[in-house]
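Summary of structural features
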Amino acid sequence: MADSSISDLFAEKSAPVLSYEFFPPKADKAFESLRRTIAVLRGSTPDFVTVTYGAGGSTRARTLEVAALLRDAGFGPVMPHLTCVASSCEELAETAEEMYGAGYRNIMTLRGDPPQGESTFTPCADGLRNACELVAFLKSLHADFCCGVAGYPETHPEAVSTEDEINYLKSKVDAGASFITTQLFFDNEHYFRFVDRCRSAGIEVPILPGLLPAVSLKQIRRFTEMCGSSLPAGLIGELERVGGEGDAAENAGIRWCVEQIVGLLENGAPGIHLYILNRSRAALSQDLATVFKNYTA
Ligand SMILES: Cc1cc2nc3c(=O)[nH]c(=O)nc-3n(C[C@H](O)[C@H](O)[C@H](O)COP(=O)(O)OP(=O)(O)OC[C@H]3O[C@@H](n4cnc5c(N)ncnc54)[C@H](O)[C@@H]3O)c2cc1C
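To keep things clear, this report deals only with the structure shown in the data block.

Here we take up the overall build of the chain. When helices and strands are counted, the chain shows 11 helices and nine strands. Here the C-alpha atoms of the chain give a radius of gyration of 18 Å, agreeing with the 19 Å that 2.2 N^0.38 yields for 297 residues. Each of the 297 residues in the chain was classed as buried or not, and the buried ones make up 42%. In the chain, of all internal contacts separated by at least 6 residues, the share reaching a separation of at least 24 is 80%.

What follows is the structure, given as structure tokens:
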């Protein structure tokens with residue numbers, strides 16, 4: 001059966017929307033661990049779940065395998081990601097048709113990163129140059145594809161200017177994107193300023209804040225270096241205070257994330273996208289459940 005559209009979910013649900021992001025592991029052992037996480041998370045009820053598409057377009061089959069696992073476990077809608085990396089239009093159409101045929105109607109639509117060591121993105125021969133083109137391409141294949149796109153509260157590292165980037169984001173929405181999920185950030189002010197800039201530019205679609213419950217200091221240093229998001233001194237301090245890693249650090253990361261969620265929902269965010277990184281702890285946190293319950297009541 002085909003998934004319902006996430007844009008309808010945003011339009012119809014009066015309470016905040018909650019989504020989890022999974023990634024397809026490369027190693028079989030990690031795949032087993034993901035199966036266990038999915039089993040544990042069955043009791044929680046995100047409104048939708050997403051599955052990333054590997055760097056270099058490397059995980060097409062595994063993205064769909066994880067998507068199927070999530071669907072079999074009762075999660076839905078399930079939203080596979082798709083990138084332009086290393087794919088001609090013919091290959092992109094093939095993948096999109098496979099997704100459509102399997103009932104996926106929601107696609108997180110991305111350009112993807114340049115290969116490691118390169119700073120600019122070079123499209124594949126006969127491929128697409130950016131997420132905007134991919135949105136238009138998917139919509140031309142099936143008008144009922146619901147496309148989510150990425151937004152960058154702290155501006156994408158390749159942006160010429162913040163203003164240019166917001167204009168470009170508007171073109172992704174004008175091409176047919178139904179909502180925006182943001183890059184991770186640890187200071188809500190970045191999100192609120194970003195939303196203001198988007199609204200001033202005439203971008204009206206829901207902007208779902210993406211949050212990473214930090215697991216360790218080492219992990220978030222690596223992540224923020226990769227994606228260009230900033231790391232507040234307060235969060236570094238909290239993690240250092242408990243040794244930087246291990247259970248206590250993960251708990252501190254979850255506490256920070258829950259505080260961010262409270263601030264975001266209190267100030268009108270339409271929901272939360274959690275980069276759970278195939279871990280169940282943050283998603284099952286009682287504090288998180290309580291926050292969402294308060295907003296649902
Ligand atoms: C929610 C989310 C999910 C992600 N999932 C994945 C995933 O599954 N797999 C993966 O490999 N990566 C993923 N990424 C990372 C993403 O691929 C990178 O951030 C990538 O560098 C940009 O992809 P994009 O879709 O934002 O690109 P685009 O929106 O096409 O462009 C990225 C940036 O380039 C600039 N730009 C591009 N074209 C123009 C133009 N014509 N005019 C002006 N500026 C332009 C803008 O600054 C723009 O923000 C994800 C990121 C987010 C936020």
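Still to come is the rest of the account.
This brings us to the site of the ligand. As a matter of local geometry, the ligand sits amid 23 residues, with Thr-52, His-81, Arg-111, Asn-130 and Ala-159 nearest to it. When contributions to the shell around the ligand are tallied by element, the ones reaching two or more residues are strand 3 (78-83), strand 4 (106-110) and helix 6 (162-174). Among the elements that take part in the shell around the ligand, helix 6 stands out by supplying three residues, more than any other.

Residues Leu-70, Ile-107 and Val-135 are the most contacted members of the largest nonpolar core, which totals 83 residues. A per-element tally of this core places helix 10 (residues 247-266) first, with seven residues.

We now examine the pairing of strand 3. With six of its six residues buried, strand 3 lies for the most part within the structure. Across the two faces of strand 3 the burial is the same, with Val-78, Pro-80 and Leu-82 and Met-79, His-81 and Thr-83 all buried. Bridge count for strand 3 against strand 4 is three bridges, and the pairing is parallel. Residue pairing across strands places His-81 opposite Met-108, the latter belonging to strand 4.

All right, on to the pairing of strand 1 (residues 17-22) then. The element strand 1 is largely enclosed, with a buried count of six among its six residues. Burial along strand 1 is two-sided: Val-17, Ser-19 and Glu-21 facing one way and Leu-18, Tyr-20 and Phe-22 facing the other are all buried.

This part covers the sheet that holds strand 6 (residues 177-182). The strand order 7-6-5-4-3-2-1-9-8 describes an open sheet built from nine strands, whose pairing is parallel. Taken across any chain shown, the strands that pair with only one partner, and hence form the sheet edges, are strand 7 (207-208) and strand 8 (210-211). Bridging between strand 4 and strand 5 (residues 146-151) involves three bridges; their strand directions are parallel. What sits directly across from Met-108, in strand 5, is Gly-148.

The next thing to look at is the environment of Gly-54. Following the sequence through the fold, Gly-54 ends up in the loop between strand 2 (48-51) and helix 3 (60-72). Note on Gly-54: 19 C-beta atoms within 10 Å, which makes it partly exposed. It is 22 Å that separates the C-alpha atoms of Gly-54 and Ala-73, two residues lying 19 residues apart in sequence. Ignoring any residue separated from it by four or fewer positions in sequence, one finds Gly-54 in contact with Pro-24 and Thr-59.

Relative to the assigned elements, Cys-89 resides in helix 4 (residues 89-101). On a C-alpha basis, the gap between Cys-89 and Phe-137 in space is 8.6 Å, while along the polypeptide they are 48 residues apart. The contacts of Cys-89, once residues within four sequence positions are left out, are Asp-126, Gly-127, Leu-128 and Phe-137.

Turning our attention to helix 10. Between its terminal C-alpha atoms helix 10 stretches 28 Å, which fits the 28 Å expected from 20 residues at 1.5 Å a residue. Listed as buried for helix 10 are Ala-249, Glu-250, Ala-252, Gly-253, Ile-254, Trp-256, Cys-257, Gln-260, Ile-261 and Leu-264. Taken together, the buried residues of helix 10 touch helix 7 (188-200), strand 8, helix 8 (217-227), helix 9 (233-241), strand 9 (271-275) and helix 11 (286-296). Immediately beyond the C-terminal end of helix 10, within one or two residues, lies Gly-268, with a positive phi of roughly 95 degrees.

Here we come to unusual backbone geometry. The amide bond that connects Gly-76 to the next residue, Pro-77, takes the cis arrangement and shows omega of -10 degrees. If you check the backbone angles, Thr-155 has positive phi at about 70 degrees while not being a glycine. By the secondary structure assignment, Thr-155 is in the loop between strand 5 and helix 6. Despite not being glycine, Leu-277 has its phi angle at roughly 55 degrees, a positive value. Here Leu-277 shows up in the loop between strand 9 and helix 11. A count of 16 C-beta atoms within 10 Å places Leu-277 in the partly exposed class.

Cut-offs applied
- Residues numbered from 1 in each chain as written.
- Predicted model: local features only at pLDDT ≥ 70, side-chain atom pairs only at ≥ 80, totals over all residues.
- Helix = DSSP H or I, 4+ residues; strand = E, 2+ residues; numbered from the N terminus.
- Rg over C-alpha atoms; globule rule 2.2 N^0.38 Å.
- Buried ≥ 20, exposed ≤ 12 C-beta atoms within 10 Å, placed from the backbone.
- Contact = placed C-beta atoms within 7 Å.
- Near = placed C-beta within 6 Å.
- Core = buried A, V, L, I, M, F, W, Y, C linked by C-beta atoms within 7 Å.
- Pairing = 2+ DSSP bridges.
- Expected span 1.5 Å × (residues − 1).

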